[in-house]
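A structural walkthrough
As a plain string of letters, each chain reads:
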Amino acid sequence: MNFLIDFIDTATSNDIDSYLEANGLTKVKTYNNYKNVFLVQGEITPPKTDLVEYIVHDDPNGIQ
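Let me sum up the structure you'll find in this document.

The rules behind these values
- Residues numbered from 1 in each chain as written.
- Predicted model: local features only at pLDDT ≥ 70, side-chain atom pairs only at ≥ 80, totals over all residues.
- Heavy atoms only, no water.
- Helix = DSSP H or I, 4+ residues; strand = E, 2+ residues; numbered from the N terminus.
- Rg over C-alpha atoms; globule rule 2.2 N^0.38 Å.
- Buried < 20%, exposed > 50% of the residue type's maximum accessible area, 1.4 Å probe, protein only.
- Contact = heavy atoms within 4.5 Å.
- Core = buried A, V, L, I, M, F, W, Y, C linked by side-chain atoms within 4.5 Å.
- Pairing = 2+ DSSP bridges.

1. Some points on the overall build of the protein chain
- If you tally the helices and strands in the protein chain, you get one helix and four strands.
- Over its C-alpha atoms the protein chain spans a radius of gyration of 11 Å, differing by no more than 12% from the 11 Å that the globule rule assigns to 64 residues.
- Once the C-alpha set of the protein chain is aligned to its principal axes, its extents read approximately 30 × 25 × 20 Å.
- Counting the 64 residues in the protein chain, one finds 30% classified as buried.
- Partitioning the contacts of the protein chain with sequence separation of at least 6, the portion at a separation of at least 24 is 63%.

Written as structure tokens, this is what we have:
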């Protein structure tokens, strides 16, 4: 499953990489125009933590 994750502005690359690794997520796409927003792939919905502003399931039929 794919998810869009927007991390807080103060999250470092190390913070983000640690979060992704701890939750079994792989970066699929980085959005250069948006700071700390990534398309990721994983088996389960990632948890919302203090590092995460929001998580959106990237439905192949479009975001509902």
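From this point, the discussion proceeds with the structure in view.
2. Structural notes on the nonpolar core
- Counting residues in hydrophobic clusters, the biggest one holds twelve residues: Phe3, Ile5, Phe7, Ile8, Ala11, Ile16, Tyr19, Leu20, Leu25, Phe38, Val40 and Val52.
- Put simply, the parts of the chain that give this core at least two residues each are strand 1 (2-7), helix 1 (13-22) and strand 3 (37-41).
- Non-local contacts of Leu25, meaning those with residues more than four positions away in its chain, are made with Ile5, Tyr19, Leu20, Val40, Gln41, Gly42 and Pro46.

3. Structural notes on unusual backbone geometry
- The backbone phi angle of Asn36 is positive, close to 60°, even though this residue is not glycine.
- Judged by its relative accessible area of 13%, Asn36 falls in the buried class.

4. Considerations on the pairing of strand 1
- Strand 1 sits mainly inside the fold: five of its six residues count as buried.
- As defined by bridge partners, strand 1 adjoins strand 3 across five bridges and the pair is classed as antiparallel. When the bridges of strand 3 are listed, Asp6 appears paired with Val37.
- Looking at chain direction, strand 1 and strand 4 (residues 52-57) are connected through five bridges and run antiparallel. Directly across from Leu4, in strand 4, lies its bridge partner Val56.

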